[in-house]
Every structure is written in C-alpha cells, then in structure tokens.
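# Survey of secondary and tertiary structure
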Amino acid sequence: MKKFNIRKVLDGLKEVSSSSSAASSSSSSSSTPAPTVQVGPQENHLIQEAIQSEHFQLCKTVRHGFPYQPSAMAFDPVQKILAVGTQSGALRLFGRPGVECYCQHESGAAVIQLQFLINEGALVSALSDDSVHLWNLRQKRPAILHSLKFNKERITFCHLPFQSKWLYIGTERGNIHVVNVESFSLSGYVIMWNKAIELSSKAHPGPVVHISDNPMDEGKLIIGFESGIVALWDLKSKKADCRYTYDEAIHSVAWHHEGKQFICSHSDGTLTIWNIRGQGKPIQTITPHGKQPKDGKKPEPCKPILKVEYKTTRNGEPFMILSGGLSYDTVGRRPCLTVIHGKSTAVLEMDYPIVDFLTLCETPYPNDFQEPYAVVVLLEKDLVVIDLAQNGYPIYENPYPLTIHESPVTCCEYFADCPVDLIPALYSIGSRQKRQGYSKKDWPVSGGNWGQGTQSYPEIIITGHADGTVKFWDASAIMLQVLYKLKTAKVFDRNRSKEDKGCTDVSDEDPFAIQIMAWCLESRVLCVAGVSANVIIYRFSKLEVTTEVVQLLEVRMQYELNDMESPDGVGEQTSALPTPGASPQTSGPPSHPSTSSNNSDGGNVPCLKVRSVPLKQSPGYQVDLVVQLVWVSGEPPQQITSLALSSSYGLVVFGNSNGLAVVDYIQKTVVLNLGTVELYGSNDPYQRQPRSPRKTRQPSGGLCDINEGSATSEDRCKSPTSVLMSNSNLQQFYNGGGRGARMSRKLSLPTELKPDLDHRDNSFSRSRSSSVTSIDKEAREAISSFHFGETFARKGDSTLTPCLYVGTSLGTVLALALTLPPAGEQRQLQPVIVSPTGMLVRLKGSILRVAFLDSSGSLLPPMYEPWFEPNVVTDGEEREKVRKRRPVSVSPSSSQDLNESQYAVVCSEKQAKVMSLPSQTCIYKHSITEASFILRADVVQMSQGACVACFCANGHIMTLSVPGLRPLIDVNYLPLTDMRIARTFCFTNLGQAMYLCSPTEIQRITYSQDMCENLQEMLGELFTPVETPEAPNRGFFKGLFGGGAQSMDREELFGEIAAGKASRSLAQHIPGPGGIEGMKGAASGVVGDLARARIALDERGQKLGELEERTAAMMAGADSFSKHAHEMMLKCKDKKWYQF
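To start, this report covers the structure provided alongside it. (Residues numbered from 1 in each chain as written. Predicted model: local features only at pLDDT ≥ 70, side-chain atom pairs only at ≥ 80, totals over all residues. Heavy atoms only, no water.)

Before going further, it helps to examine the state of the cysteines. Taken as a whole and judged by the stated rule, the model has 0 disulfides. Distance from the sulfur of C986, which forms no disulfide, to the nearest cysteine sulfur (C412) is 4.7 Å. (Disulfide = S-S within 2.5 Å.)

Have a look at this one:
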C-alpha cells in the first residue's frame, strides 16, 4: 500500500490572528461595519476544539466495481478465488461475496497472464513489460514477494503445472525458459525454438502461444507456435518427440485428460484434433460455425477461435467450449461463447466482447475426469458465470457490485451514519426488482473469509447515471451492494416529435442524464436535477399507485437586459423595466404547456416532454412533482448548477447562471423566481456592464416570468436593477457546467481533463481583486450552493427564523428569510413568503459550502420532517393526522438566550471564513489555496467534532477545524488526472470519502485515524487453510501394466546441478516488498506462522543461494587458473632452458 507523507500542522498556528482577520475581512469583503478587535479572542476562549491533527490519517480502504479494461483471469479451484488483471496493471481478487481485494503493479503495465499456485496462497502475474511477479495472498493486503524482469526476450505465455514449483515461460522468439517460483531464479534449462521444430524448416515458427504438460506424463511438454506448428518436447532427452503441422495460425491448445489427444483452435475458425502418436494429419477437423458445402470441399473460413477448452465427464459426453469462430457473414452479431456437448451445440450471446473464459471443474488434477460445472466468462465490461449442469445453461446471479457502469456515472453522493431503518426499507422494495431465471445454485467463487470489523453505522452511496437512472448502494462496513434502482426517464416521453427540433441543443445522446441529487435521509424525499434543465421531486412509498397526471411546473428563468434603447448608465435602465406589480408572474396557471404562449419566439418549450398517459408507479420512489425550465426567446434554458431541499419547510430550491427558483412541493407552486442581481437589491457590489443585445431577440415582458406561481410583489426585491450578472469563473466542475455566458449543454461524461487548469486560475485572478469593480461582459454570476437552516436572518436579530442561504460563483453569500404558514391545513393553503435580507459575506472564488454551528461549536444538522406513507388509503381525517406531524428538529431549541450566537462556516474555491451571527462579523479566516482551487468542500461530523474537508485540484486533501479554521491535515493524495474524479469526489461524516477512479470503479478512502487503525481487522482474508483433494486412483490394471500418470523429478532436470546457471543478462531478479515486513499484517494463527516461516526460509535460501553463487564463481576462477597453469606447464615441459 502506498504510504502517504502526511504533513501534520501544529495546532496552535493560524494563518492570521483572529483579530486581524476580523478587521481585514470586514474592510475588504464584508458589507458590515468593522467589529471591535476583541470579538475574535473572546469567542475563541468560549469554544474548546477537541479535534486535533492526530485524529486524522489518510489511506485507501476498498475499491468496488468492475475491473476497468480487464485483460487476464485465473481461478484457484481449491481455494475458490478468482483473480482478474487489467490493462493498467491492476489486480482484483474475488472470494465469496463481500471478500474483495485490489492490488496494483507499480509499473502500470498490462497484465497478460495470471497463474495461481493452486492452494498455496500465491499468484504469478506476467506483464506486458516482460516482468513476472509472485504475489503472496496469505496476508490481507497481498504483496509482491519476488519479481523477474526479462531484458532480452518478450514474454508471450506462461504455464505452471499443478503442484510444481517450476514455471515455464514462452517468449516471442519462440524459446522457453524455466523459473523456480520459490526463489524466482532462472534455471539453465532452455528449450530453443530451432531445436523444437524440424531441422529442415527454414522459417521461424513465431512466438510461443501455448505450453502445457501431458496430463499423464509430466516429462512431455506440448509447445504451440503461432505459425501452426506444435511440438511434443521430451524434457529428459531434450528433444522433440513429435511435431504436428497445420497451415493455419494457432490460438490455443487443450488436452484430453488421458493425454492421448489434444485439440488446437485456429485463425480460420477451425478446430483440429490430433493423436499424439499420429504425426501427419489431424484425426478430425471441425468448423463449428462454418457452412458445410455439399461437394466435400473445405467449409468457408470463419473468424478465429481465440480459445478452446476440452473437458471430460465420467458419465457423459465431453464438453468443448470455445470463444470466437463465427462466420464472417454474421455482421453485427454479438460476441458468442459456444458450448458443444455431444451432438448439441449451444451458442451463448454476450453483451460485450469476450476477454477470456475459464471452465470450472470439480478436480484440480489434469489427469482425472474433469467434471466441468460452470464457465466464468470475462467480458470487456462484465463478468458472467454460466451453469453447465442445468438445461439451457442459465447464468448465476452475480453477487458482486459490478454494475456501477451499466450507464456512465455522472454524479454521486455519499451518506455515512444513516437512519437505521433506511437500508432495510430500500432493500425490501429493491429485492422486488430482481430479474428471474438465474441458476438455482450457489455462486461458485466462494473462497476467503469476511473481516471481523466492528464498524456498525449504516452507509449509503447514491450514483446518478447518464440514462437517468439513480442507484442506491448499501456501503456499510466497507462492502457494497445494490439496494434499489430508480429510472427517472420514465416520467418523460422517449420518442421526440418532429416539432421538437428546437430542442436539439440539449445533449442528444443523454437527455435524461442526472446532474445533481439532493436527498433528505429522514423524510426520504429525493430531488434530482437533470441535464435537460429539469428537477424531479420523489417521495418514498411502500404502496403501488397509478398517477393519472404527473404534476408539472414550468418556469421561465430569463436573465437579459431590456435596455434596447438605452445601453448606457444603470440609472436609465430601470425605466425600461416593468414595475414589480405589473410583472406577469402572478398570472394563473396555463391550460396546457403548448398553449401557454405563442411559440413564434421559440419560448415556453421545455427540453423534454412529460408523459401525458397515466403512469404506474411501483413501490419505492414515486414522482411527486416535475419542474422544468423552458426556452425563452429562442434560448435554451441554462443548466442547473445547484440544488437543495428541506423536508421540514416543504421547499426545493435550484439555481443556474440566470438566478434561482424556490418551489413549494407541498402546494406545487413556484414561490420565488429571482435573477441573481435582484438578490442584492440596491447593495450590488459589482458595476455590471450591459451586454449588447442580439438582433433576433424580442424584448420580453419582464425579467423572470412564472407560468404558475403565487409570489406577490412583496416577495421581490424592492429595487431590482436590470443588469446582467457576470462570472468569468463559471466552471461548476462536479455539476458538469460549461464556460462563459452560454453554458455548455452536454454533460461532460468520463473523458480526459479538458479545461486548462492554469488558464482557469489566471482568469480567476484577473476577475477578482479585493474590490471588484467590473466584470467580464459575456459571463454571468451563477448560483453555486444553497443551505436551509434555522438561524438569524438579519444582522442583530434576536430570534431564530427559517432561512435560505445562497452562495454564488462570484463568492457572495446572500440570505433569504422564509415565512412559513403554520403546519397542518394552513400549510396546504397559505403561501410561503420569501424575502431577501441582503449579503452576509464575500469570499474569493465560487462558494462551495455553507454550514452552521451552535454557540458551543457543534455542527447543526438540517431540520427534517419524519417519513410518512404518502399513499395512505384511509379516510381523510386519518390522513390529515398523518400529514400534521410537526417538523422534528435535531438542533437545539430556539428558546436560546439572546446573547447566544451561531456561527456560519463558509467555504469557497479559495478560502474559508467563519462568521458570528447575529452580529455578522468575520471571526476566523483562512486562505486554503492560492495557486490551485478547491473542487469539493464539505463540513463533516467526526467522532471528535466537526471539521471542513476539502479536495483541491492539485490533488491535496485538507481538513480544517471549526470554528477556528486550524489546518489539521494536508496530504498530497492524487493528482487530478481527469474530470471524473473532480465530478464524483465527495466527503461524508466519520472520516469517509469516495470518488470514481475509473468509469467502472468506486475508490473509497478514509481520513480518520480510528478507521485506519481498524481497517486491517475489517478487511476480508483471501487465503483459508483447505486440504488439497486426493489424487485420482490409478486403478489395479493401470498400476500393473503401466499407463497411469507418469511423474518426473523436475528438480533433477531444472536444478543447478543438472542444468547449470542461466545467463545473468537474460533476466534480473528484484526482491519484492512483501517479505517479512509484508507478513506483519498476515492472518494470525498457524497459517500466518507457516507463511512467515516459509518466507523466512525463502529469504534464507536466497542468501544461501547468493553465497553459493559467490563460492561457485571463486571455484570457477580457481579452476580456470589451475587449467592455465597446467597448460603452461605442458608447454614448457620439454623445452630446454635456452628455448625460453
């Protein structure tokens, strides 16, 4: 495991003293008068921060999902463990469901082959950089014991016979080398290509594509060369017994278990079966998918058969299993696995190309009846296991979380410490979604043991996908299991009509992609924002319901200047505005979306059409309300950049680069629809430059129209200034937004990191100085974050009131006070009133997170309403009672003393500030990064207290204490290599975090010291002590007359005494890090002790071997010296003294 260099920061140090920060911040970025210098120190003395830097440590915990770009596979039939290697050098090991392990080869070269040392707790991997590695699996985190790097030859194939310590390595040059897997030293025994083929053959036979020993005679080795030549090599006599030649290239070879026949698969789609004694022609040639001509000619060629396996059964026909070999006229046909059993041939279609397959058999012995029971098929994006014992070859239900990437992940959220009833509720409805028709048998990969971890809190991960699905995963105790899948696209019509051509600006490939998700765990209300500028609110129900008409709200969010005639001077612009009362926002609801206005200007059309037919909704998440932004004046709606919901208030708020809208989902109305600039009122700090109007645009009636709403003129700012908001820094990384005024419509799915990060930062420094006076004309100020809470709405308030805090991409935090009707019937009838109360604070960079602390410095959790069944079918009175449940608050009661205050923690892309409320003075300020910017910031609850956790674009992970903003940890964790990491990184409570490390895999990390210490216990064990099955009985007659399996002492052949030493320049031995140090974390008990002893012996043997080598070299030197001396003596023996 990679060790992180953690720079712990002294707790006492702060970047600026609290008093000076208060003074400087108030003068530069707060609109409130400067506080007295004593404010900071006084409050600093009040709160003792328990959280310290020793409570933090960063380490990777587990990786879930399908191995990205797999390239090789192996199975241990005794331990029942599956290994998968990838093109990036990763190794994933799978045992029973819940036992998984991830390792990485440091070189990052592709894994070309894997071989288990069966029932030994070890694995050999061969890589494309011509290195071979031995992995020790007897510890919870496997490590490399030895490596061997070939210098002169390229590795093409490896073979390790069962219960042998000698590994055969075939190369591109056609040679075969032998490696001792215990010491990882090369034997002097080499099979050269020119000895293996006919002497008369002039051409090179090509690379070695197959090596295997005869199941009945270990002394005979079959070698397949790419060109079509197969040689049967006698290891003892060091020569080829037989050679078999076919004029098509070979892809693979398989033995019959009796060792008298073998089968080859070829590049023309044929299979050839050979007798080992028959030299000339194959005894049978089969073209499984070729059309047989009637006139006895050769069948037409097919695609190559990439692999064939031949498995026998004691009481029935043998199985022949192959991949590839389809005829060339099957264009567009999916990749297939063919199972030939006796006279029946089954062609099993796969969803993705086949990388490799393995047949699982009852015995590990190659010389016994194989009794195959399943086939593991590794596809490019899936792992399928087929049951061979049942008719129709059904597949097993895959228990691993390998479907994360069914549709590309576009966003995710992580929730630790969830309510205990939430996972069972999701599981009970999710279990009904499972497909039928799976094999009845237990999953065959069943090795290993679960960890003994004591971590018990429930964790849930939600992933949003490009096809509009939302998946809920149980992530408790470092496992991952899918709970429930929600398809949001069901709400919309999938077939687009021709009139909707105007909507082609929207991402055509993925119009339903999920962009942001907000979820209230207690009330179970879910809110998702899609890429097509739509917001859907879902409620959780255990009952099925049919919705006759899906509730729909359409919102016009326009932010344009209406100063066609007077483009200069802010004062003149206001005259062109309609007065707030005359704004058409109070007009009644339209009869139908299409008739809400004439569409001659391309307005009022949403990007997606909501279904008009009744919608049957299964138990689970059911649509409560759909909100859609509509086209305005020929312009598509801007993508939603932020979203929040409060179940306690019954409100959802969303914002984009035009402004924000507050929706009351209980009354199904739009409460507020404001342009960003109107939030400021007359206190707008920016001198905004009007943009030159486009010629095609018609002046519209007002800034923001609402098709359906109950907002009154008092809800608006009293003095709106009609000017364009600007933002040169509008890259909402994890929300998939675009650059500039017209946000990009396409959601950036996993791709390379496109934006130039340096340029982004330069634009930031240009556009923001301590006193921003003007902003780039073409950009807008987007809404970047929201926070609902009970706090002090205005400066000097004495009571807590419901509020909504709004953060913008220009670093401003503004407050809105909410006036809610009383609960019960009144809540259904009276309008919610929202009044902007002005600016709280300004920071550098886009606002990422706002949170509130109570007077003791504890994090105030959000208020919520408890979950109730929305589809109760009792009479009205009963339903009213259920509805009347009062919002439950977990925050301290609002009857606090007037002196008691709250703290607002605000974090932007560049810095963090803590404000004291209600005085609205800045008491702490910390500049988090100067050269880079923060991608994700969360205020999280640890067991010792709250902190701010940040992930920076330069790869650093940092935490700060609250409210003091002391730096606690700063680790250079990983460089931001692509946008996927930026978009999917999220922190959650109790020191957990996650991100998508590839399009198919979730990487979980922890920044908690407690979790790091307990991790070893929580991890599962791959290796468990199992008895190796008994070898097959030879039988009386076979023993009497011979003919049973012939064993051979390979040590005699390959050992140094017989074979000598290999050339030193051929390969270089590299001892791995998994020696005695790696064993420290190994399983305790007998197995661990045995493994340690074995490794110690290995190391001792290695040292003795080195000593022996030196001694041998000295002896050789002495030998040659004595030879030379003897020759000199013979030369000189008969010469006279005068001849010298």
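Under the defined criterion, the tally for this structure stands at 30 salt bridges. A salt bridge links D624 to K668, with the nearest nitrogen and oxygen atoms 3.3 Å apart. With D624 in strand β40 (residues 620-629) and K668 in the loop between β43 (659-664) and β44 (669-675), the pair connects residues that are 44 residues apart, well separated along the chain. The exposure classification of D624 matches that of K668, with both residues buried. (Salt bridge = Lys/Arg side-chain N within 4 Å of Asp/Glu carboxyl O. Helix = DSSP H or I, 4+ residues; strand = E, 2+ residues; numbered from the N terminus. Buried < 20%, exposed > 50% of the residue type's maximum accessible area, 1.4 Å probe, protein only.)

Another aspect to go through is the nonpolar core. Membership of the largest hydrophobic core comes to 36 residues, with the highest contact counts inside it found for L426, F472, V491, W519, Y538 and Y621. Looking at this core element by element, the count peaks at 5 residues for helix α4 (residues 422-430). (Core = buried A, V, L, I, M, F, W, Y, C linked by side-chain atoms within 4.5 Å.)

Here the focus is the sheet that holds strand β51 (residues 911-917). A sheet is described by the order of its strands in space; here 4 strands give the open sequence β49-β50-β51-β52, paired in antiparallel fashion. Bordering the open sheet on either side are β49 (847-853) and β52 (921-927), each of which pairs with just one other strand. The average angle at which neighbouring strand axes cross in this sheet is 15°, direction not considered. Here β51 pairs with β52 via 6 bridges, running antiparallel. Counterpart to K913 in the pairing with β52 is K925. (Pairing = 2+ DSSP bridges. Axes fitted to C-alpha atoms, helices over the stretch in contact; angles between N-to-C directions.)

Within helix α11 (residues 1009-1018), burial applies to Q1009, M1011, C1012, L1015 and M1018. As for α11, its buried residues are in contact with β2 (56-65), β58 (992-998) and β59 (1001-1008). (Contact = heavy atoms within 4.5 Å.)

Turning to its location among the elements, K291 is positioned in the loop between β22 (284-286) and β23 (305-311). Excluding anything up to four places from it in sequence, K291 contacts P299, E300 and D329.

Buried within α4 we find L422, I423, A425, L426, I429 and G430. Considered in projection along α4, the buried side chains sweep an arc of 165° and stay on one side of the axis. Next to the buried residues of α4 lie β31 (459-465), β32 (469-474), β33 (481-487), β34 (514-519), β36 (534-541) and β40. (Arc of directions from axis to C-beta.)

Moving on: the pairing of strand β29 (residues 383-387). By the criterion of burial, β29 is predominantly enclosed, with 5 of the 5 residues buried. Along β29, one buried face is formed by L383, V385 and D387 and the opposite face, lined by V384 and I386, is buried too. Bridge count between strand β28 (residues 372-379) and β29: 5 bridges; the pairing is antiparallel. From the neighbouring strand, V376 faces β29, where its bridge partner is V385. The antiparallel pairing of β28 with β29 creates a hairpin that spans 3 residues between the two strands.

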